[in-house]
Amino acid sequence: QKLQANDTAAGNNFGCSVAISDDAATIAIGSSGNSSSRGSVHIFTKSGSTWVQQTKLIASDGISNDLFGKSIAISSDGNTVASGAPGNLSSQGAVYVHTRSGTTWSQQAKLIPSNVATGDNFGISLDITNNGNLIVAGSALHNGTNGVAYTFIRSGSTWSQQYEINATDVTPGDSFGTSVSISNDGSIIMIGSPNSDPAGISSSGSAYIFTKPASNWVQQIKLTASNKANQDKFGSALVLAGNGGTAAVASPFADPGSVVDSGSVYTFV
């Protein structure tokens, strides 16, 4: 089936982000260009073999150029949706959480890091655990484009900032936090840094694995492509398997077979 929003219009960028629940009954689709780039998220549910739009989510305080819906994550049951708005407040950025009760959706929280600043692009990437109680979100332009990621945790219906995650060797321009992924149980996080320069190779890119053995997240390993080259942007997109045991990392500007910018995806176990 081809899905389209009920209010489809030129420039809406419907489909700029997508997420589906584990039971394959709910799909969330971002439309960051909607309403002068205020942005929106459309929720579709499955009725028999047909997908129908259930609702349209917007930020309660949204304004033009927020880019709400630029990134999306959904819980396994489809009842919690996190949506990034990296353009919010002069590109400071924010993440909004909406929850469903029956067929009714409501905004539960707006998440903003305690040290966020103008231009950080917080919410450019995000992911959520299966139970919907832990969110990781990237802020790729934080601190002179070093980048950082944050975790937020839910207790009842209240969300609070948990930790700030940094790479041990991050430098200005690395854009750490451009992409993020979290395991189903929230014990492993992977974060992309596509503009980093491993081995001095400009913007060949990296991805970092973090685990949480105690009270904070600990960097476990730094992943790079074995055949890295300038401007490959490894880490621009990535995903962890649910159990955290396998990872796929995109390098969209790699040149396999000397075909310029044809791109590659690398798997790690």
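Provided above is the structure to which this section pertains.
So, how was this worked out
- Residues numbered from 1 in each chain as written.
- Predicted model: local features only at pLDDT ≥ 70, side-chain atom pairs only at ≥ 80, totals over all residues.
- Heavy atoms only, no water.
- Helix = DSSP H or I, 4+ residues; strand = E, 2+ residues; numbered from the N terminus.
- Rg over C-alpha atoms; globule rule 2.2 N^0.38 Å.
- Contact = heavy atoms within 4.5 Å.
- Areas by Shrake-Rupley, 256 points an atom, 1.4 Å probe, with all protein chains shown as cover.
- Lys, Arg positive; Asp, Glu negative; His and termini not counted.
- Charge placed at Lys NZ, Arg CZ, Asp CG, Glu CD.
- Salt bridge = Lys/Arg side-chain N within 4 Å of Asp/Glu carboxyl O.
- Buried < 20%, exposed > 50% of the residue type's maximum accessible area, 1.4 Å probe, protein only.
- Pairing = 2+ DSSP bridges.
- Axes fitted to C-alpha atoms, helices over the stretch in contact; angles between N-to-C directions.
- Core = buried A, V, L, I, M, F, W, Y, C linked by side-chain atoms within 4.5 Å.

## Points about the overall build of the chain
So, step 1. Each helix and strand counted, the chain has 3 helices and 19 strands in total.
So, step 2. For 269 residues, the compact-globule formula gives about 18 Å, and the C-alpha radius of gyration of the chain, at 18 Å, lands near that figure.
So, step 3. Counting only C-alpha atoms, the chain reaches 50 × 45 × 35 Å along its principal axes.
So, step 4. The contacts of the chain with a sequence gap of at least 6 include a subset with a gap of at least 24, amounting to 46%.
So, step 5. Per element, the accessible surface of the chain, about 11,200 Å² overall, is 48% carbon and sulfur.
So, step 6. Computed over 12 positive and 16 negative side-chain charges, the inter-centroid distance for the chain is 7 Å.

## Focus on the pattern of salt bridges
So, step 1. For the coordinates displayed, the defined rule picks out 3 salt bridges.
So, step 2. Linking Asp 7 and Lys 56 is a salt bridge whose minimum nitrogen-to-oxygen distance equals 2.6 Å. One end of the pair, Asp 7, is in the segment before β1 (14-20); the other, Lys 56, is in strand β4 (residues 50-57), with 49 residues separating them in the sequence.
So, step 3. Accessibility expressed as a relative area gives 27% for Asp 7, which makes it partly exposed.
So, step 4. On the accessibility criterion, Lys 56 (32% relative accessible area) is partly exposed.
So, step 5. Lys 110 is the partner of Asp 61 in a salt bridge, and the nearest nitrogen-oxygen pair spans 2.7 Å. Of this pair, Asp 61 sits in the loop between β4 and β5 (71-74) while Lys 110 sits in strand β8 (residues 104-111); the two residues are 49 residues apart in sequence, bridging distant segments of the chain.

## Section: the sheet that holds strand β12 (residues 158-165)
So, step 1. Here we have 4 strands laid out as an open sheet, ordered β9-β10-β11-β12, and antiparallel in their pairing. The open sheet terminates on both sides in strands that have one partner only, identified here as β9 (122-128) and β12. Averaged over neighbouring strand pairs, the angle between their axes works out to 25° when direction is ignored.
So, step 2. As paired strands, β9 and strand β10 (residues 134-139) are joined by 5 bridges and run antiparallel to one another. From the neighbouring strand, Ser 125 faces β10, where its bridge partner is Gly 138.

## With respect to the sheet that holds strand β19 (residues 264-268)
So, step 1. Read across the open sheet, the 3 strands follow the order β17-β18-β19; overall the sheet is antiparallel. With partners counted over all chains shown, the strands left at the sheet margins are β17 (237-240) and β19, one partner each. Averaged over all pairs of adjacent strands, the angle between their axes in this sheet comes to 15°, without regard to strand direction.

## Here's the deal with the environment of Ser 226
So, step 1. By the element assignment, Ser 226 lies in the loop between β16 (218-223) and β17.
So, step 2. For Ser 226 and Tyr 266, which are 40 residues apart along the polypeptide, the C-alpha to C-alpha distance reads 9.4 Å.

## Points about the nonpolar core
The nonpolar side chains of a soluble globular protein tend to be buried, and buried together.
So, step 1. Of all hydrophobic cores here, the largest spans 16 residues; its most connected members are Val 95, Leu 111, Phe 122, Ile 135 and Trp 159.
So, step 2. The residues contacting Trp 159, other than those within four sequence positions of it, are Val 97, Gln 108, Ala 109, Leu 111, Gly 132, Asn 133, Leu 134, Ile 135, Phe 152, Ile 153 and Arg 154.
So, step 3. Formed by 14 residues, the second largest nonpolar core is a distinct cluster that contains Ala 19, Val 41, Ile 43 and Ala 59.

## A few points about the pairing of β17
So, step 1. With burial as the criterion, only one face of β17 is covered, namely that bearing Leu 238 and Leu 240; the residues Ala 237 and Val 239 on the opposite face remain uncovered.
So, step 2. Pairing geometry for β17 and strand β18 (residues 247-251), over 4 bridges, is antiparallel. Bridge pairing in β18 links Val 239 to Ala 248.
So, step 3. Between β17 and β18, which pair antiparallel and follow one another directly, the connecting turn spans 6 residues, one of which, Gly 244, has a positive phi of 75°.

## Let's talk about the pairing of strand β3 (residues 40-47)
So, step 1. When you tally the buried positions in β3, you get 6 out of 8 residues, the bulk of the element.
So, step 2. As judged from the 6 bridges shared by strand β2 (residues 26-31) and β3, these two strands associate in the antiparallel manner. Its bridge partner lying in β3, Thr 26 is registered against Thr 45.
So, step 3. Judged from the 7 bridges that link them, β3 and β4 form a sheet pairing that is antiparallel. Note that in β4 the partner of Lys 46 across the bridge is Trp 51.
So, step 4. Two successive antiparallel strands, β3 and β4, enclose a turn made up of 2 residues, where Gly 48 displays a positive phi of approximately 65°.

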